[in-house]
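Residue strings, one per chain:
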Amino acid sequence: GLFGELGTGFTGTLTASTNNATVSGTANYIGGVVGIHHKGTIQNCVNKGAVNGVSNIGGITGRSATNISNTAINVRYCMNNGTITASNGYAGGIIGYYSPGSASLSATYLYNFGSVSGSTYGGIIGINTTSYISVTNSWSFYTSVPASADLVGRYTYTGKYVANAVGATILPSVGMNLHTDWTAI
């Protein structure tokens, strides 16, 4: 993507970055805007290009994760229009893989309009491995993300695939893919 990594020393905000190109690799942690997001805020970013890789592939960031205690990771007001493909792993329209240690993720006002595919995938987040997560006011509109995948593809801390993002703080407005429930608009 545009940035390989926002490291553990990053404390600011990445704002208004747009990727228009195809981003491809033969590795993990590939994002249209940021490969790995450890700390800080990503906001008002857009991915318009296809993003392809092996696993942990996302329209905005491939992986959001940190081991820094009491750290907030924020992704907000971002949009994906590109096709997201993980050849052998996790893919998300916005975030491919979220594993924060003891940090918390606040994901709000995220929109996916692109096709997402992988062995585990979600319209917004491919896989979430913790309960330290809040996803609000976020939608996936593309029909290739089935309602069974929901907005978060898998929660490993519950050991099962879930619809409506059970076990985390999710507002009812995101418990659907709008292509299967247009009455929510």
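Small disclaimer: the values here were computed from a predicted structure and weren't measured.

What counts, and at which threshold
Residues numbered from 1 in each chain as written. Predicted model: local features only at pLDDT ≥ 70, side-chain atom pairs only at ≥ 80, totals over all residues. Heavy atoms only, no water. Pairing = 2+ DSSP bridges. Helix = DSSP H or I, 4+ residues; strand = E, 2+ residues; numbered from the N terminus. Contact = heavy atoms within 4.5 Å. Core = buried A, V, L, I, M, F, W, Y, C linked by side-chain atoms within 4.5 Å. Buried < 20%, exposed > 50% of the residue type's maximum accessible area, 1.4 Å probe, protein only. pLDDT = per-residue confidence, 0-100.

Quick look at the sheet that holds strand β17 (residues 116–117)
As summarised here, the arrangement of the four strands in space is β4-β9-β13-β17, forming an open sheet in which the pairing is parallel. Both edges of this open sheet fall to β4 (23–24) and β17, since each of them pairs with a single strand only. Summarising the sheet, strand β9 (residues 51–53) and strand β13 (residues 84–86) pair through three bridges and their orientation is parallel. Residue pairing in the sheet places G53 in a bridge with A86 of β13.

Quick look at the side chain of T41
Along the chain, T41 turns up in strand β7 (residues 40–43). With residues up to four places along the chain from it excluded, the contact list for T41 reads F10, G12, T13, L14, N74 and R76.

A closer look at unusual backbone geometry
A positive phi is found at A16, a non-glycine position, where the angle reads about 55°. Within the secondary structure, A16 is located in the loop between β2 (13–15) and β3 (18–19). At Y29, a residue that is not glycine, the phi angle is positive and equals roughly 60°. Tracing the backbone through its elements, the reader meets Y29 in strand β5 (residues 28–31).

Topic: the nonpolar core
Of all hydrophobic cores here, the largest spans 20 residues; its most connected members are I42, L105 and I125. Going through the elements one at a time, β12 (72–80), β15 (95–98), β16 (104–112) and β20 (133–136) are the ones with two or more residues in this core. Residues in contact with I42, not counting those within four places in the same chain, are L6, L14, V34, H37, I60, T61, N74, V75, R76 and C78. Listed in part, the eight residues of the second largest apolar core include I30, V51, I57 and A86.

Describing the confidence of the model for the protein
Per-chain confidence: the protein averages 75 in pLDDT, with 71% of residues scoring 70 or above. No element of the protein has a lower mean pLDDT than strand β23 (residues 169–170), at 38, and none a higher one than β9, at 97. For the stretch residues 155–185, pLDDT sits under 50, and the model shows 72 contacts to residues farther than four places along the chain or on other chains.

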